[in-house]
Structure formats: C-alpha cells, structure tokens
Amino acid sequence: MDTVSENKAFGGTQGVYRHSSDACGCDMTFGLFLPQEARDGAVPVLWYLSGLTCTHENAMVKAGAQAWAAEQGIALIFPDTSPRGDGVADDDAYDLGQGAGFYVNATQDPWAPHFRMWDYVAEELPALVAREFAIDSERQAITGHSMGGHGALTLAMNLPGRYRSVSAFAPIAHPTASDWGRKQLSAYLGGNEADWARHDATLMMRETGFDGPVLVDTGTQDQFIDLLKPEALADAVNARRQEATLRLQPGYDHSYFFVSTFMEDHVNFHAEALWA
C-alpha cells in the first residue's frame, strides 16, 4: 500500500492511499479520514459509497463529512466507484464502465475480469484498512449517494450483522424497474433477472429488511427522481414495517449541495448507532 497524500484535518488526518487489488485486478485508490481519537486506539468507521462518474475524491472534498466525523470520533472511508486503468474495460456512456461499477461482481464479458466491486467493498478493502489502520471492525456503518446509495442499502441488507446502521442520499432504490439499473445489471450480470434481485434495495427490503435503523433523504427537485424511485422503497419499508426514516427534502436536487446540507444529520445518525 502506498500513501498518495496525508493532510491534517479537524484534528485528525485525511489520507489517500493506493494498493494493488486482487478483487479488481488493478491498482485501487481510496480516501480515509481518521479522527484524532485513532491515535489512542481503534475507532468506529462510516463507509461512504459515491455515485456515477465519481472517484474516491468527490465526497472526500465536497460532502463536508470530516467535520462531523471528527466531532463524533469516527473514521470515514471513501472507496472508488470502479476499477480503473488502461487494461480495464470501459464504455463511452457515463453510466457504464469505469466510474460506474454499481457495486456488483460482474459475470459478463468484458466486465468480469475487473468489475468485482462487491468483493472489493465487502471483503478486500475492509480487511486492508483493519490491518493497516486503527479501525474497529465491530463498529461499522454505511452510507452513499445515488449509485452509492444503492450500494450502501444492498450491502447492508445482504450482509446481516456487518453494519449497525445504513443511510442513503438519493439512492437508486429500485434498479430492476428503472432505466438506471436495468441497463447496468443486464450488462454486468446477464439477462437472468433473478440474478439482479439481491442488488435491488426495494426487493431486498421486501425480502429481508435490515436489522437496524435506516435513514434515506431524497430531494423533491432531484432531476433523476423518476429513475431513483423513492416511492418504491417507501412502499417496501411500509410493507415490512421496517425501522426507517424516509425524507423528501423540498427543493433539493441531486448535487453535492444537497448531500452536504444533510451530511451532519447522517453522520450523527450513524454515530448514535456506532457508539451504542
């Protein structure tokens, strides 16, 4: 693992690190914020999964999460959204290929050799950070934005006991019923829709739910709201009687202005679960 940069921030350290990934078969880069409490021992961690076209850097520099994480004494991890490199398959569209991994393990060519973001986020990167940094693996929570909100919700519901809480900003909530989802799931996983179900937050909510608190924010002026389908997730939450807070925020769109506005709420929400 190589250190790309380390900067003091809010009494802690915002680092960027690069390592060779067995899961993705290429070098991967991630951001990690450690609060000052990490100097004295392992701290809880909040994972932040970013959306389409993003790298590890977008939320790290735009979301304003470090200030609130420092106040709560928790770490933040910002993974990349896909494998990258000259030998990694890509597509001319912004919503497929590099920058659009959708947090799945691809089974179809040309994506299968590298696009194993599920294994990377669920297994490889957690093991790496637990080994190299003062991270308490027993106290984890997860959040994300858009495609990353989809990833956060589906990881949380597929990995019971892993995360104490889950939240999302404008998640792609029902991808099997959306043009933002059917295209990618068919490309990465093939045409058998039964293979898509575990990567659909609405279907997973109906089937398994989440053993803990859930928080989801979506802006009423989100330009992609018809693709996100927050109403489908709300129906599934109600049908399951899941512990959840689902909020439509008047006038907000899909941007990081929206994310940063409600980041304090989300960090505090997770901190309550992480320190319980």
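Use the structure listed above.
Cut-offs applied
Residues numbered from 1 in each chain as written. Predicted model: local features only at pLDDT ≥ 70, side-chain atom pairs only at ≥ 80, totals over all residues. Heavy atoms only, no water. Axes fitted to C-alpha atoms, helices over the stretch in contact; angles between N-to-C directions. Helix = DSSP H or I, 4+ residues; strand = E, 2+ residues; numbered from the N terminus. Parallel < 35°, antiparallel > 145°, perpendicular 65-115°, else oblique. Left-handed = near helix turned anticlockwise from the far one by under 90°. Contact = heavy atoms within 4.5 Å. Buried < 20%, exposed > 50% of the residue type's maximum accessible area, 1.4 Å probe, protein only. Core = buried A, V, L, I, M, F, W, Y, C linked by side-chain atoms within 4.5 Å.

**Regarding the packing of helix 2 (residues 65–72) against helix 9 (residues 256–274)**
Their axes nearest at 9 Å, the elements helix 2 and helix 9 cross at an angle of 30 degrees. Classified by the angle between their axes, helix 2 and helix 9 sit roughly parallel to one another. Where helix 2 crosses over helix 9, the handedness of that crossing is right-handed. Residues Ala65, Trp68, Ala69 and Gln72 of helix 2 form the contact with helix 9, whose own contacting residues are Met263, Glu264, Val267, Asn268 and Ala271.

**Things to note about the side chain of threonine 29**
With respect to the helices and strands, threonine 29 occurs in strand 3 (residues 26–34). Classification of threonine 29 by relative accessible area gives buried; the value is 14%. Ignoring sequence-local partners within four residues, the contact set of threonine 29 consists of Val16, Tyr17, Arg18, His56, Pro79 and Asp80.

**Overview of the nonpolar core**
If you look at the biggest cluster of nonpolar residues, it comprises 89 residues, and the most contacted ones within it are Phe30, Leu32, Tyr120, Ile142, Leu155 and Tyr188. In terms of residue count, helix 3 (residues 117–132) provides more of this core than any other element does, 8 residues in total. If we ignore the near neighbours within four places in the chain, the residues touching tyrosine 120 are His19, Ser21, Ala23, Cys24, Met28, Phe30, Pro79, Leu125 and Pro126.

That is the geometry; function is a separate question.
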